[in-house]
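Residue strings, one per chain:
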Amino acid sequence: MSQTQVDELRKIINIASGNASTALSEILKKKIDINIPSVEVNKLNDVMHSLENQEDIIIGTLLKVLGDVPGNVLLVVKESNAKDIAYTLLEDLVDEYDSDMVLSVFQEIGNILGNSYLNAIGSSLKLNLLSSVPYISIDMLSLILGSAYIAANKEEDYIIDVSCTLHENNIEFDINIFFILSNSALNTILNKINISEN
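Residues numbered from 1 in each chain as written. Predicted model: local features only at pLDDT ≥ 70, side-chain atom pairs only at ≥ 80, totals over all residues. Heavy atoms only, no water.

Draft legend 1. Local environment of the packing of aromatic side chains. Following the criterion strictly, the structure yields 1 aromatic pair and no others. Ring geometry for Tyr117 and Phe179: centres 6.0 Å apart, planes at 70°, overall edge-to-face. With Tyr117 in helix H4 (residues 99-125) and Phe179 in strand E7 (residues 171-181), this pair connects stretches of sequence that are 62 residues apart. The same class applies to Tyr117 as to Phe179, namely buried. (Phe/Tyr/Trp six-rings, centres within 6.5 Å; stacked < 30°, edge-to-face > 60°. Helix = DSSP H or I, 4+ residues; strand = E, 2+ residues; numbered from the N terminus. Buried < 20%, exposed > 50% of the residue type's maximum accessible area, 1.4 Å probe, protein only.)

Draft legend 2. Examining the pattern of salt bridges more closely. Going through the model one piece at a time under the given rule, you end up with 3 salt bridges. Between Lys11 and Glu8 there is a salt bridge whose closest N-O contact spans 4.0 Å. Highlighted residues: Lys11 and Glu8, both in helix H1 (residues 3-28), separated by 3 residues, approximately one helical turn. With relative accessibility at 53%, the residue Lys11 sits in the exposed group. For Asp33, the salt bridge goes to Lys31, with nearest N and O atoms at 3.2 Å. By relative accessible area, which is 60% here, Lys31 ends up exposed. (Salt bridge = Lys/Arg side-chain N within 4 Å of Asp/Glu carboxyl O.)

Draft legend 3. Structural context of the nonpolar core. Counting residues in each nonpolar core, the largest one holds 48 residues, and the members touching the most others are Ile34, Phe106, Tyr117, Ile177 and Phe179. At 11 residues, the largest contribution of residues to this core is made by H4. Other than its neighbours up to four places away in sequence, Phe106 contacts Ile59, Thr61, Leu75, Val77, Ala82, Ile85 and Ile136. Among the nonpolar cores identified, the runner-up in size contains 14 residues, and Val47, Ile58, Ile159 and Phe178 belong to it. (Core = buried A, V, L, I, M, F, W, Y, C linked by side-chain atoms within 4.5 Å. Contact = heavy atoms within 4.5 Å.)

Draft legend 4. Structural view of the packing of H1 against H4. Here H1 crosses H4 at 140°, and the two axes come no closer than 8 Å. When the interaxial angle is binned, H1 and H4 end up oblique. Every pair of crossing elements has a handedness; the one defined by H1 and H4 is right-handed. Contacts between H1 and H4 involve Ile12, Ile13, Ala16, Ser17, Asn19, Ala20, Ala23, Leu24 and Ile27 from the former and Glu108, Ile109, Ile112, Leu113, Ser116, Tyr117, Ala120, Ile121, Ser124 and Leu125 from the latter. Partitioned by chemical class, the residues of the contact of H1 with H4 number 14 nonpolar, 4 polar and 1 charged. (Axes fitted to C-alpha atoms, helices over the stretch in contact; angles between N-to-C directions. Parallel < 35°, antiparallel > 145°, perpendicular 65-115°, else oblique. Left-handed = near helix turned anticlockwise from the far one by under 90°. Nonpolar A, V, L, I, M, F, W, Y, C, P; charged D, E, K, R; others polar.)

Draft legend 5. Inspection of the environment of Ala82 at higher detail. Note on placement: Ala82 falls in helix H3 (residues 79-90). Of the residues examined, Ala82 reaches a relative accessible area of 1% and is grouped as buried. Distance from Ala82 to Ser99, taken between C-alpha atoms, is 9.6 Å for residues 17 residues apart in sequence. Apart from the residues lying within four places of it in its own chain, the contact partners of Ala82 are Ile59, Val102 and Phe106.

This is the structure in structure tokens:
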């Protein structure tokens, strides 16, 4: 993947982040900004290998992607940070918090962010992309990625790793979004990027 292609993909994802921050702000009745510090494309096997010794428990929201570029979108955050994020985002809306509410928050955030990115990619590159209903997993990241890989019949080869920072007033939280794609799906995106550049 060339640097030009990465830069073009980052532009599309920045547009999606603007759409997602607007949607979150409207739902939560407070200003939410989303910055994108980095976008990387890596082989799934390399990522899985790098996570072998990481035992942090994470909360993951997974959406299955259908259409022209089948795959999975996975939003992840460390479980240890999840309650703080939920409290900050919902402090003006609810008085009490429990584990089910925290999971519901991340299911909705994953749904909004995931679909915002899919809509931006689809609109910019003229691709038809649809998503499933999101579902939640709580486990080590390597195991969640492995489950997504098996569910996709072991056809997914690449990960587009989008690092997100959510800002609310002077508080910020780091969240990662993984687009898990087959080689053919990634090539479809890259070919569309090449066409849009010409």
